[in-house]
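# Close look at the chain arrangement
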Amino acid sequence: MAIIFGTAETVAAFLSFVFLFLFLWPWCWSRITNSILIDWPVFGMIPELLYNLSRVHDFLTFLLQQSRGTFFFKGPWFSGMDFLLVGDPMNVHHILSKNFANYPKGPEFKQIFEPLGDGIFNSDFDNWSIQRRIFHCILLKNNKFELAVDITLKQKILQSLLPIMENVSQVDIQDVFQRFTFDNICQLVLGFDPNSLSIEFPQIPYQQAFDDMGETFIYRHAVPGSIWKAQKWLQIGKEKKFKQAWKIFDEFLEQCLTRKREQLSQNCRDQIEGEGFDLLTYFLAEDDDFEATAAKIGIQTKSNKFLRDMAFNLFLAGRDTIGASLIWLFWLVGTHPSVEKKILEEIKENLGEKTNEKRRVFSTEEVRKLVYLHAVICEVLRLYPSVPFEHKVSIEEDILPSGHNVPKNMRILFSFYSMGRMEEIWGKDCLEFKPERWISERGRIKHVPSYKFVAFNAGPRSCLGKELAFIQMKTIVSFVIWNYSLQVVENQSVSPSVSLLLYMKKGLKVRVFKRFAP
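Throughout what follows, the structure given in this document is the object of discussion. (Residues numbered from 1 in each chain as written. Predicted model: local features only at pLDDT ≥ 70, side-chain atom pairs only at ≥ 80, totals over all residues. Heavy atoms only, no water.)

## As for the overall build of the chain
Just so we agree on the cut-off: The numbering of helices and of strands both runs from the N terminus, where a helix is a DSSP run of H or I of at least 4 residues and a strand a run of E of at least 2. Contact definition: two residues touch when any of their heavy atoms are within 4.5 Å. Note on areas: Shrake-Rupley with a 1.4 Å probe; residue coverage comes only from the protein chains shown.
The helix and strand inventory of the chain stands at 20 helices and nine strands. Across the chain, every contact between residues at least 6 apart in sequence was considered, and the portion connecting residues at least 24 apart equals 71%. Taken as a whole, the chain presents about 24400 Å² of accessible surface, with 57% of it coming from carbon and sulfur.

## Some words on the pattern of salt bridges
Selection rule: Each reported salt bridge corresponds to a side-chain nitrogen of Lys or Arg within 4 Å of a carboxyl oxygen of Asp or Glu. Per-residue accessibility, obtained with a 1.4 Å probe over protein chains only, is compared with the maximum for each type, and a residue is labelled buried under 20%, exposed over 50%, and partly exposed between these values.
Considering all chains together, one arrives at 30 salt bridges under this definition. With a shortest N-O distance of 3.9 Å, Glu-215 and Lys-241 are connected by a salt bridge. In this pair, Glu-215 is assigned in helix α9 (residues 205-222) and Lys-241 in helix α11 (residues 237-265), connecting sequence segments 26 residues apart. Since its relative accessible area comes to 41%, Glu-215 is described here as partly exposed. Between Arg-360 and Glu-366 there is a salt bridge, and its shortest N-O distance comes to 2.7 Å. The pair formed by Arg-360 and Glu-366 is uniform in burial state, with each residue classed as buried.

## Describing the packing of aromatic side chains
For clarity, the threshold we go by: Only Phe, Tyr and Trp rings are paired, with Trp represented by its six-membered ring, and only when their centres lie within 6.5 Å; those with planes under 30 degrees apart are stacked, over 60 edge-to-face, the remainder tilted. A ring has a charge above it when a Lys NZ or an Arg CZ is no more than 6 Å from the ring centre and no more than 35 degrees off the ring normal.
Under the defined criterion, the tally for this structure stands at 31 aromatic pairs. Measuring from centroid to centroid gives 5.7 Å for Trp-328 and Trp-331, while their planes differ by 75°, and the two rings are edge-to-face. In this pair, Trp-328 and Trp-331 are both assigned in helix α14 (residues 304-334), three residues apart and thus about one turn of the helix distant. The buried category is assigned to Trp-328, whose relative accessible area is 1%. Residue classification places Trp-331 among the buried positions, given a relative accessible area of 18%. Cluster of aromatic residues (ring-pair linked, three or more members): Phe-182, Phe-192, Tyr-206, Phe-210, Phe-249, Phe-252, Phe-312 and Phe-315. The ring centre of Phe-192 lies 4.6 Å from the NZ or CZ of Arg-259, which sits over that ring.

## Notes on the environment of Leu-153
Position of Leu-153 relative to the elements: it lies in helix α7 (residues 143-167). By relative accessible area, which is 4% here, Leu-153 ends up buried. For the pair Leu-153 and Phe-180, spaced 27 residues apart in sequence, the C-alpha separation works out to 9.6 Å.

## Thoughts on the side chain of Asn-122
Where we set the bar: Pairs of N or O atoms are called polar contacts if they sit within 3.5 Å, as long as, within protein, a hydrogen donor faces a hydrogen acceptor (for residues adjacent in sequence, only side-chain-to-side-chain pairs).
When you line up the elements, Asn-122 lands in the loop between α5 (107-112) and α6 (125-141). Classification of Asn-122 as buried rests on a relative accessible area of 3%. A distance of 3.0 Å separates a polar atom in the side chain of Asn-122 from the backbone oxygen of Gly-117. In this structure, Asn-122 is in contact with Phe-109, Lys-110, Phe-113, Glu-114, Leu-116, Gly-117 and Asn-313, ignoring residues within four places of it in sequence.

## Examining the sheet that holds strand β1 (residues 70-73)
What counts here: A pair of strands is treated as paired once DSSP finds two or more bridges between them. Each axis is a line fitted through C-alpha atoms, taken for helices only over the stretch in contact, and angles between the N-to-C directions span 0 to 180 degrees.
Strand order in the open sheet formed by four strands is β1-β2-β7-β4, and the pairing between neighbours is mixed. What marks the edges here is a single partner per strand, and that holds for β1 and β4 (389-393). The sheet shows a mean angle of 20° between the axes of neighbouring strands, taken without regard to direction. Alignment of β1 against strand β2 (residues 83-86), held across four bridges, turns out to be antiparallel. By the bridge assignment for β2, Phe-73 is matched with Phe-83. Against the sheet, helix α3 (residues 56-66) contacts β1, β2, β4 and β7 (411-415), and its axis sits at roughly 85° relative to β2. Of the strands in this sheet, β1, β2, β4 and β7 touch helix α4 (residues 89-98), which is tilted by about 125° from β7.

## A short note on the nonpolar core
Our working definition: Throughout, nonpolar core names a set of buried Ala, Val, Leu, Ile, Met, Phe, Trp, Tyr and Cys residues whose side chains join them through atoms within 4.5 Å.
Counting 162 residues, the largest nonpolar core has Phe-177, Phe-249 and Phe-315 as the members making the most contacts within it. In terms of residue count, the dominant contributor to this core is α14 (18 residues). Apart from residues no more than four positions distant in its own chain, Phe-315 is found in contact with Phe-182, Ile-185, Cys-186, Leu-190, Phe-210, Phe-249, Phe-252, Leu-253 and Asp-320.

## Points about the sheet that holds strand β3 (residues 170-172)
Spatial ordering of the open sheet is given by β3-β9-β8, a layout of three strands whose pairing is antiparallel. Among the strands making up the open sheet, the edge pair consists of β3 and β8 (484-488). Sheet twist, expressed as the mean angle between neighbouring strand axes with direction ignored, is 35°. Pairing analysis gives five bridges linking β8 to strand β9 (residues 509-514), with the strands arranged antiparallel. Directly across from Gln-487, in β9, lies its bridge partner Arg-511.

Shown next as structure tokens:
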């Protein structure tokens, strides 16, 4: 009897499977033939996204290439994971500029990036507008800050980067520049140098905590909100590690704030002059025109809450964006000897006899003359933008220039990485590393609209630190390339990491050779 009953169960299960297959196959087949991805029942298109997650940047590029720059992604039923993938420049221009007010970051963005608090990257509307004005004043109009950036960068190059380059024969250059930019942004924002870049390569807990949080940000994008929120509540998986990392980094910021207040209470006025200047000092010690204006919408610019959020946001902007760009630059230059040769020739031609000085850091005014190096950086950022994604949400229904309908509360995902690889924007040689595409017949840098070259975002939220980033990168790169030859170690895997900042998955090992005899 048991055998007969078991057989009956098996037959019933088989017939049920056949019924479901025959019932669903026409539905699935219509989606196979009419869509780039299969829109499965219940699961939507998420199976293929998860399957390609390890190469997500190239996967999204494929989707945009096949869909003429705009693709509607269907997530699992009731998950809230539907989004519009955008790479068409006209649609980018419409969303980020022309109809900017309809596309804020939105509350979901703020939940995913909750450690950013109410900082500028997490804010919308009046809160964002006030902070934008504050940082515009500091980054573009404050001579003390400009001087501090110059002094801090040169000191870090000579005191930390130079000893490393002089004493290693082979090194992971990604690790070097992650440490370098971490120390540099710490000094500029907090007035404290953790010296993570030293010959011992010490383990700095709060530096590692900052990196660990970045891994969770991309995880929260890839899974339904209900899943990561449940993990957060239960304190399991990535969310447990995330909470621990957040606590470590917040304790570090709190210590820096306390130390800075104590220093300023002792009338250390030299803190606000020259190399002693940093952003914490600026907000705590100087009277500025924005304090009263910010207070009207609840922003207390001298509170620990504001200073903590400000510091965290500037860490994200000033550390990883430059660090990630430098890695890809030295890989591309290292695998294109003709480009390295042209950079060296330009330095010699523009800086004349001064180039005979060994181990020299070129000044801001000197690196401004390096047009070809500027073009190299632009080309690196075209192919490997530090921030490969951008996230928005629609407030009201809209119609894009391409004709696509945007429903209310629709998530918008821009793939800046993909846009640098689109033939419609850059031509048939879009996959080639070709700095010359940026130089006009008159020998100047060509202007490319920000909605096509989106490495620094576009519209009202375009990066305020763009020019500062170029100066810093040109200073670092000119120092390294003039004094050293970095040869990429053979047979290592080079691919983008699956993260919100475009580092390499496994770092980049290089051999270091001195150009000048000791």
